[in-house]
Amino acid sequence: MTANPARCSSPPKINLKGLGYTENGFRQLTANKPIMKPEDLAGIKLRVMENKIQMATWRTLGANPTPVSFGELFTALQQRTVDAQENPFELIYTNKFYEVQNYVMTTNHIYTPMPIFMNLEF
């Protein structure tokens, strides 16, 4: 049996250096009604990042996942374009989503680390 050369090759050079990481923490839900179980998500227009995995997950749980850019999220919640959203506590607080959402549910459904890289040419 011979090894597959493609599987044994070195990883491609990406010209980046890892400097460290920070985090956004775990993601939580906010809405204008309490969401205590998956059945409570039925028909909820939930703002999510435009990401196939997240959209499929929330759809499976019964929500209607709706991609909205982060910069438009406060207005979308205020105008009821979407009923709910999911983000870490820090972003919920600093973007004042509590002004347009009545409930926050601690779900810890996704952890969001943020690695920091630098281009080696810099």
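A few points on the structure. (Residues numbered from 1 in each chain as written. Predicted model: local features only at pLDDT ≥ 70, side-chain atom pairs only at ≥ 80, totals over all residues. Heavy atoms only, no water.)

**Topic: the environment of Glu 23**
If you trace the backbone, Glu 23 turns up in strand S1 (residues 16–31). In this structure, the C-alpha to C-alpha distance between Glu 23 and Leu 41, residues 18 residues apart in sequence, is 27 Å. Leave out the neighbours within four places in its chain, and Glu 23 touches Tyr 111, Thr 112, Pro 113 and Met 114. (Helix = DSSP H or I, 4+ residues; strand = E, 2+ residues; numbered from the N terminus. Contact = heavy atoms within 4.5 Å.)

**Remarks on unusual backbone geometry**
Positive phi is not limited to glycine here, since Arg 80 has a value of about 65 degrees. Here Arg 80 is to be found in the loop between helix H3 (73–78) and strand S4 (84–88). Backbone geometry places Asn 108, a non-glycine residue, at a positive phi of 45 degrees.

**Re the pattern of salt bridges**
Under the criterion given, the structure shown has two salt bridges. Put simply, Arg 27 and Glu 86 hold a salt bridge, and the shortest N to O gap is 2.6 Å. Highlighted residues: Arg 27 in strand S1 and Glu 86 in strand S4, separated in sequence by 59 residues. Neither Arg 27 nor Glu 86 differs from the other in exposure class; each is buried. We note a salt bridge from Asp 40 to Lys 37, for which the minimum N-O separation is 3.4 Å. (Salt bridge = Lys/Arg side-chain N within 4 Å of Asp/Glu carboxyl O. Buried < 20%, exposed > 50% of the residue type's maximum accessible area, 1.4 Å probe, protein only.)

As far as function goes, none of this settles anything; it's purely spatial.
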